[in-house]
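Listed here are the chains, written in short residue letters.
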Amino acid sequence: MNNMNRNKKELPPGQREELLRALKARFEKNMNRHKGLEWAKVQAKLEANAEKMWSFNEMERTGGEPDVVGHDIKTGEYIFYDCSAESPKGRRSVCYDREGQESRKEHKPDNNATDMAAAMGIELLTEEQYRELQKLGSFDTKTSSWLKTPSEIRKLGGAIFADFRYGNVFVYHNGAESYYGARAFRGSLRV
């Protein structure tokens, strides 16, 4: 992808078509995630929004495997979450946010979850969204994902993450400066 397209956040036509094929295949393979929704209507929304297609491509490129998990009747928007079985590989080993990253004295990671999500044009999943996702399958059975952290926790230096073990969702805390090879973040995007 050349810099001009990256700055405009638009995918070249061939890449857009390839992404639509991947999203359609995932949609059709996982109908339990979006009962009663039609791909043609989802595709029309996607095709009408080039910048969000760029964000979906970033989700896909980093291993998120985005898929439709809902439809907001009030706004008409389709809701997508990262649905990869484990936390997205292209987003692992990151601190929670820039403040956490900068507070590390040594072994600083290359990036952090909140800046990466913002650059991709997506939102970190909240605890509530993460629990909704887990009703659609078993995710993060070997990994974990940073979650959007309430400001009261973040002000005290912490951040929250979650995983799925022993048939349950567990939400934990760490210092925001922490990072692990098996922890990334999951995002959401509405179109």
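Residues numbered from 1 in each chain as written. Predicted model: local features only at pLDDT ≥ 70, side-chain atom pairs only at ≥ 80, totals over all residues. Heavy atoms only, no water.

1. Describing the pairing of strand β1 (residues 66-71)
Argument step 1. Of all six residues in β1, five are buried; the element is thus mostly enclosed.
Argument step 2. Pairing between β1 and strand β2 (residues 78-82): five bridges, direction antiparallel. Bridged to Pro-66 within β2 is Asp-82.
Argument step 3. From the end of β1 to the start of β2, which pair antiparallel, there are six residues, and Gly-76 there has a positive phi angle of about 80°. (Buried < 20%, exposed > 50% of the residue type's maximum accessible area, 1.4 Å probe, protein only. Helix = DSSP H or I, 4+ residues; strand = E, 2+ residues; numbered from the N terminus. Pairing = 2+ DSSP bridges.)

2. Let's talk about the environment of Glu-28
Argument step 1. Tracing the chain through its elements places Glu-28 in helix α2 (residues 13-29).
Argument step 2. Judged by its relative accessible area of 45%, Glu-28 is partly exposed.
Argument step 3. Distance in space between the C-alpha atoms of Glu-28 and Asp-163 is 26 Å, their sequence separation being 135 residues.

3. What to know about the pattern of salt bridges
Argument step 1. On inspection of all chains with the given rule, the structure shows 15 salt bridges.
Argument step 2. Residue Arg-91 pairs with Asp-82 through a salt bridge whose shortest N-O separation is 2.6 Å.
Argument step 3. One connected set of salt bridges, linked through shared partners, spans Asp-72, Glu-77 and Arg-190. (Salt bridge = Lys/Arg side-chain N within 4 Å of Asp/Glu carboxyl O.)

4. Examining the sheet that holds strand β6 (residues 168-175)
Argument step 1. The mixed open sheet is built from four strands, whose spatial order is β6-β5-β4-β7. Either end of the sheet is taken by a strand with one partner, and the two such strands are β6 and β7 (183-185). The average angle at which neighbouring strand axes cross in this sheet is 35°, direction not considered.
Argument step 2. Pairing geometry for strand β4 (residues 144-146) and β7, over three bridges, is parallel. In the strand pairing of β7, Ser-145 is matched with Ala-184. (Axes fitted to C-alpha atoms, helices over the stretch in contact; angles between N-to-C directions.)

5. So, the side chain of Thr-149
Argument step 1. Tracing the sequence through the fold places Thr-149 in the loop between β4 and α8 (151-155).
Argument step 2. Engagement of the side chain of Thr-149 in a polar contact is seen with the backbone nitrogen of Ile-160, the distance being 3.0 Å.
Argument step 3. What Thr-149 contacts, discounting residues up to four positions off in sequence, is Tyr-96, Arg-154, Gly-158, Ala-159 and Ile-160. (Polar contact = N/O pair within 3.5 Å; in protein donor to acceptor, adjacent residues only side chain to side chain. Contact = heavy atoms within 4.5 Å.)

6. Observations regarding the sheet that holds strand β3 (residues 123-124)
Argument step 1. Spatially, β1-β2-β8-β3 is the arrangement adopted by the four strands of the open sheet, whose pairing is antiparallel. Across the chains shown, the open sheet's two edge strands, defined by having one partner strand only, are β1 and β3.
Argument step 2. Sheet topology places β3 next to strand β8 (residues 187-190); two bridges connect them, and they run antiparallel. Residue pairing in the sheet places Leu-124 in a bridge with Gly-187 of β8.
Argument step 3. The strands that helix α3 (residues 39-47) touches are β1 and β2; relative to β2, the one it contacts most, it runs at about 85°.

7. A closer look at the packing of aromatic side chains
Both the distance between ring centres and the angle between the ring planes are used here to describe each pair of aromatic rings.
Argument step 1. In the structure shown here, the tally under the stated rule is six aromatic pairs.
Argument step 2. Consider the rings of Trp-146 and Phe-161, whose centres lie 6.1 Å apart with planes at 80°: the pair is edge-to-face. Taken as a pair, Trp-146 in strand β4 and Phe-161 in strand β5 (residues 158-165) lie far apart in primary sequence, 15 residues in all.
Argument step 3. A relative accessible area of 8% places Phe-161 in the buried class.
Argument step 4. Residues Phe-161 and Tyr-172 carry aromatic rings whose centres are separated by 5.1 Å and whose planes lie at 15° to one another, so their mutual orientation is stacked. In this pair, Phe-161 sits in strand β5 while Tyr-172 sits in strand β6, placing the two residues eleven residues apart along the sequence.
Argument step 5. Taken together, Tyr-96, Trp-146, Phe-161, Phe-170 and Tyr-172 form an aromatic cluster joined through their ring pairs.
Argument step 6. The ring centre of Trp-146 lies 4.7 Å from the NZ or CZ of Arg-183, which sits over that ring.
Argument step 7. For the cation-ring pair, Arg-183 lies above Phe-161, with the distance from its terminal atom to the ring centre recorded as 3.3 Å. (Phe/Tyr/Trp six-rings, centres within 6.5 Å; stacked < 30°, edge-to-face > 60°. Lys NZ or Arg CZ within 6 Å of the ring centre and 35° of its normal.)

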